[in-house]
Amino acid sequence: MNKSLRLKLTLMLMGIILGIVICSTLVSGLFLGDYYLYEKQRVLIETYMDVNRLYSASEQSSSSDIFPEIGTFGSSDSTTQLSEDFENSMERMSESRSTSIIIFRVMGVKVNGVIPATPIYSSMGLGIDGNQRMIDDYTSGQENARTIRKTPSYDIKKIYVDRLENDYLYLSATLDNGDNILIRSSMDSIERSVKLANQFFMYVSLLMLVAGTVVVYIISRSFTQPILDLAQIATRMSELDFTTKYQVNRQDEIGILGSSMNYLSSTLETTLGELKLANARLQKDLEKKTQIDNMRTEFLSNVSHELKTPIALIQGYAEGLMENINDDEESRNFYCEVIVDEASKMNNIVRKLLDLNQLEFGENNINMEHFDIESVIRNLLSSSEILFKQKQVTLKYDTQPPVYVWADVYTVEEVFNNYLSNAFNHVDNERIIEVRITKEDGHVRVSVFNTGQPIPEEDLSKIWGKFYKVDKARTREYGGSGVGLSIVKASMELLGQRYGVINHDNGVEFWFELDATNGIEAADMEAKDDQ
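Residues numbered from 1 in each chain as written. Predicted model: local features only at pLDDT ≥ 70, side-chain atom pairs only at ≥ 80, totals over all residues. Heavy atoms only, no water.

## Re the packing of aromatic side chains
Thinking step 1. In this structure the tally under the stated criterion is nine aromatic pairs.
Thinking step 2. Here Phe86 and Tyr121 contribute two aromatic rings whose centre-to-centre distance is 5.8 Å and whose plane-to-plane angle is 75 degrees, an arrangement assigned as edge-to-face. Highlighted residues: Phe86 in helix 2 (residues 84-96) and Tyr121 in strand 2 (residues 117-122), separated in sequence by 35 residues. Just as Phe86 is buried, Tyr121 falls in that class too.
Thinking step 3. Look at Phe388 and Phe424: their rings are 4.7 Å apart centre to centre, the planes differ by 65 degrees, and that puts the pair in the edge-to-face class. With Phe388 in helix 8 (residues 385-390) and Phe424 in helix 9 (residues 409-426), this pair connects stretches of sequence that are 36 residues apart. Residues Phe388 and Phe424 agree in their burial class; the two are buried.
Thinking step 4. Here a set of aromatic residues connected by ring pairs shows up, and it is made of Tyr419, Trp464, Tyr499, Phe510 and Phe512.
Thinking step 5. Geometry around Tyr168 places Arg184 over its ring, the cationic atom sitting 4.6 Å from the centre. (Phe/Tyr/Trp six-rings, centres within 6.5 Å; stacked < 30°, edge-to-face > 60°. Helix = DSSP H or I, 4+ residues; strand = E, 2+ residues; numbered from the N terminus. Buried < 20%, exposed > 50% of the residue type's maximum accessible area, 1.4 Å probe, protein only. Lys NZ or Arg CZ within 6 Å of the ring centre and 35° of its normal.)

Here it is in structure tokens:
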């Protein structure tokens, strides 16, 4: 945070305010006194001009009774009578402008530094001696006086009065009628005013500095907090989190930036979603391609392995026939039977592989029908009756009322025949095959059980794979291809139904399930789903 924009902006604005305060204080300290002196000179000049105007007007009216006698100044030989209005105006002017005004006539030449004068008017009301002292103060201070301004009409001088121990500004002039005027203002009042003004300005500056600090912090926060919020949103966007949006509540540049950030976030979120979808599809395609490659490799390996033995047998016996190894008719017939048998096995393997390929790639058309599964199973068992007798296997199957299911008849027959063929090939001990049809919860389970050795637990999850054989020697003995259970798996997944195997102490049970809801039940279920 030491290098944050908020701190920089606060310090910069505080520096500007502090610089303004310092400059203002210096300017006030250096030039306020001169400004007060200039202003006091202006007041003295303005007072002189106003007094001259009023005095000239009063003199022009002296022949009338406008000026009743209210008092006299000077000797009995020369007196001037002034009106009450004139004196009131002069008194207000003296008080409002903080000046002392005296009008007098010079009665002779200066003797011993004293000008003989007759006061005509004094705003101080000090009497003859007091008024004379003001004139004497001006006269005695001429040697050390500093002329401030000098014009043909008036002089302004700064004079130190020893008697009062203070500096004064004096304006001396001659009025239009020839009388003299002195206007005096204390420099001490100017200095006190300057000091008081500077002191007040310093207090105000300190107060402004404190208040400015608070205001600057608030202003800088109002600018930097939205930027920090946008930075946090940008950080979340870099972490692929696009849930946070900037609340746009302003129309300035920051508001425009926030709107742009929200648009960028939405665009990136949409683009990222499209990329993820495309990546998922690509990944799926790659996995599918890899799976297909693996299946192709496995298929070629398994097919070559499965066909190697029958091809070798066919080739061997065919060569024996060509070379007439055995001339007797019985041997030739045996050779031919072996060739035909091995060719039949090869044809069976190829046919099952083609069926499996169609099932796995969804190229097999499913025709869903509502049929009696019990009738189908009973017919399949009847057609296999000769096999039960040849293999000396006892069939246990209890006929029952019709049980209707939804499925593809050909696919169900293929699955059941594979289970039954598998049972024939592995039946042992009591040599019993039991077929059961049970209905529960809208499904029908068809199971085929054969007595014999259970499947090892580690092989239960592998028997559904292509060409997988638990007992390879026995499988070769009965001519199994290892594809039957793979066809069962593909068929049941195509129908969307469950299948499986259960080990028992005395044998193995294979099962599959079918949808047993009838038309009315199916319609009711569909209506409930629509609701």
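There's plenty left to go through after this.
## What about a nonpolar patch on the surface?
Thinking step 1. Nonpolar side chains collect at one region of the surface, where Leu18, Ile22, Leu26, Val27, Leu30 and Phe31 lie side by side and expose about 580 Å² of accessible area between them.
Thinking step 2. The residue Leu18 is located in helix 1 (residues 5-60) in this model. (Patch = residues over 30% accessible without salt bridge, like charges linked within 9 Å, V, L, I, M, F, W, Y side chains within 5 Å. Areas by Shrake-Rupley, 256 points an atom, 1.4 Å probe, with all protein chains shown as cover. Salt bridge = Lys/Arg side-chain N within 4 Å of Asp/Glu carboxyl O.)

## Quick look at the confidence of the model for the chain
Thinking step 1. Of the residues in the chain, 79% have a pLDDT of 70 or more, and the chain-wide mean is 77.
Thinking step 2. In this model, residues 63-79 is a region of pLDDT below 50 whose contacts with residues beyond four sequence positions or in other chains number 27 contacts.
Thinking step 3. The model gives residues 472-476 a pLDDT under 50, and that stretch makes ten contacts with residues more than four places away or in other chains. (pLDDT = per-residue confidence, 0-100. Contact = heavy atoms within 4.5 Å.)

## Overview of the pattern of salt bridges
Thinking step 1. If you walk through the whole model with that rule in mind, you get 15 salt bridges.
Thinking step 2. The partner of Glu46 in a salt bridge is Arg42, and the shortest N-O contact between them spans 3.1 Å. Within this pair, Glu46 and its partner Arg42 are both found in helix 1, separated by four residues, close to a single helical turn.
Thinking step 3. Its relative accessible area of 38% is what places Arg42 among the partly exposed residues.
Thinking step 4. Across the pair Glu46 and Arg97 runs a salt bridge whose closest N-O atoms are separated by 3.6 Å. Residue Glu46 is located in helix 1, and its partner Arg97 is located in the loop between helix 2 and strand 1 (100-106); the two are separated by 51 residues in the primary sequence.
Thinking step 5. One salt-bridge network, in which partners are shared between bridges, spans Glu39, Arg42, Glu46, Asp50, Arg53 and Arg97.

## Describing the packing of helix 9 against helix 11 (residues 484-495)
A pair of packed helices can be characterised by two numbers: the angle between their axes and the separation between those axes.
Thinking step 1. Interaxial distance between helix 9 and helix 11 falls to 9 Å at its minimum, and their mutual angle equals 150 degrees. Handedness of the crossing formed by helix 9 with helix 11: left-handed. Facing helix 9, whose interface residues are Thr411, Glu414, Val415, Asn418 and Tyr419, helix 11 presents Gly484, Leu485, Ile487, Val488, Ser491, Met492 and Leu495.
Thinking step 2. Along the lines of polarity and charge, the residues of the contact of helix 9 with helix 11 split into seven nonpolar, four polar and one charged. (Axes fitted to C-alpha atoms, helices over the stretch in contact; angles between N-to-C directions. Left-handed = near helix turned anticlockwise from the far one by under 90°. Nonpolar A, V, L, I, M, F, W, Y, C, P; charged D, E, K, R; others polar.)

## Digging into the nonpolar core
Thinking step 1. Judged by nonpolar contacts, the single largest core of 41 residues is most densely connected at Ile373, Ile377, Phe416, Tyr419, Ile433, Phe510 and Leu514.
Thinking step 2. Of all elements in the fold, only helix 7 (373-383), strand 9 (404-407), helix 9, strand 10 (432-440), strand 11 (443-451), helix 11 and strand 13 (507-515) reach the threshold of two or more residues within this core.
Thinking step 3. Residue contributions to this core peak at eight residues, all from helix 9.
Thinking step 4. Setting aside chain neighbours within four positions, we find Phe510 in contact with Tyr419, Asn422, Val446, Ser447, Val448, Ile455, Ile463, Trp464, Leu485, Gly500 and Val501.
Thinking step 5. Ranked by size, the runner-up nonpolar core spans 25 residues in total, among them Ile103, Leu169, Ile181 and Ile190. (Core = buried A, V, L, I, M, F, W, Y, C linked by side-chain atoms within 4.5 Å.)

## Digging into unusual backbone geometry
Thinking step 1. At Asn429, a position not held by glycine, the phi torsion is positive, near 60 degrees.
Thinking step 2. Position of Asn429 relative to the elements: it lies in the loop between helix 9 and strand 10.
Thinking step 3. Phi at Arg431 takes a positive value of approximately 55 degrees, unusual for a residue other than glycine.
Thinking step 4. Positionally, Arg431 belongs in the loop between helix 9 and strand 10.

## Things to note about the packing of helix 7 against helix 9
Thinking step 1. Across the interface, helix 7 lies against helix 9 with an axial gap of 11 Å and an inter-helix angle of 45 degrees. Relative to helix 9, helix 7 is oriented oblique. The two elements helix 7 and helix 9 meet at a crossing, and its hand is right-handed. Between helix 7 and helix 9, the residues in contact are Ile373, Val376, Ile377, Leu380 and Leu381 and Val412, Glu413, Phe416, Asn417 and Leu420, respectively. (Parallel < 35°, antiparallel > 145°, perpendicular 65-115°, else oblique.)

## Points about helix 4 (residues 187-238)
Thinking step 1. The end-to-end C-alpha distance of helix 4, which contains 52 residues, comes to 73 Å, matching closely the 76 Å that a straight helix rising 1.5 Å per residue would cover.
Thinking step 2. Of all the bends found along helix 4, the most pronounced is centred on Ser222 and spans about 30 degrees, while Pro226, a proline, follows it within four residues.
Thinking step 3. In the stretch just after helix 4, Leu240 is the one whose phi turns positive, near 65 degrees. (Expected span 1.5 Å × (residues − 1). Bend = angle between axes of the 7 residues up to and from the residue.)

## A word on the pairing of strand 3 (residues 146-150)
Thinking step 1. As defined by bridge partners, strand 3 adjoins strand 4 (residues 154-161) across four bridges and the pair is classed as antiparallel. Residue Lys150 lies in a different strand from strand 4, and its bridge partner there is Asp155.
Thinking step 2. Counting the residues that bridge the hairpin from strand 3 to strand 4 gives three residues. (Pairing = 2+ DSSP bridges.)

## Comments concerning helix 9
Thinking step 1. With 18 residues, helix 9 should cover 26 Å at 1.5 Å per step; its first-to-last C-alpha distance of 26 Å lies within 8% of that length.
Thinking step 2. Buried residues dominate helix 9, accounting for 13 of its 18 residues.

## Notes on the sheet that holds strand 5 (residues 166-174)
Thinking step 1. The six strands lie next to each other as 2-1-6-5-4-3, forming an open sheet whose pairing is antiparallel. The two strands at the open ends of the sheet, each matched to only one other strand, are strand 2 and strand 3. In this sheet, neighbouring strand axes are inclined to one another by 25 degrees on average, regardless of whether the strands run parallel or antiparallel.
Thinking step 2. Both strand 5 and strand 6 (residues 180-186) contribute to a ladder of seven bridges, which runs antiparallel.

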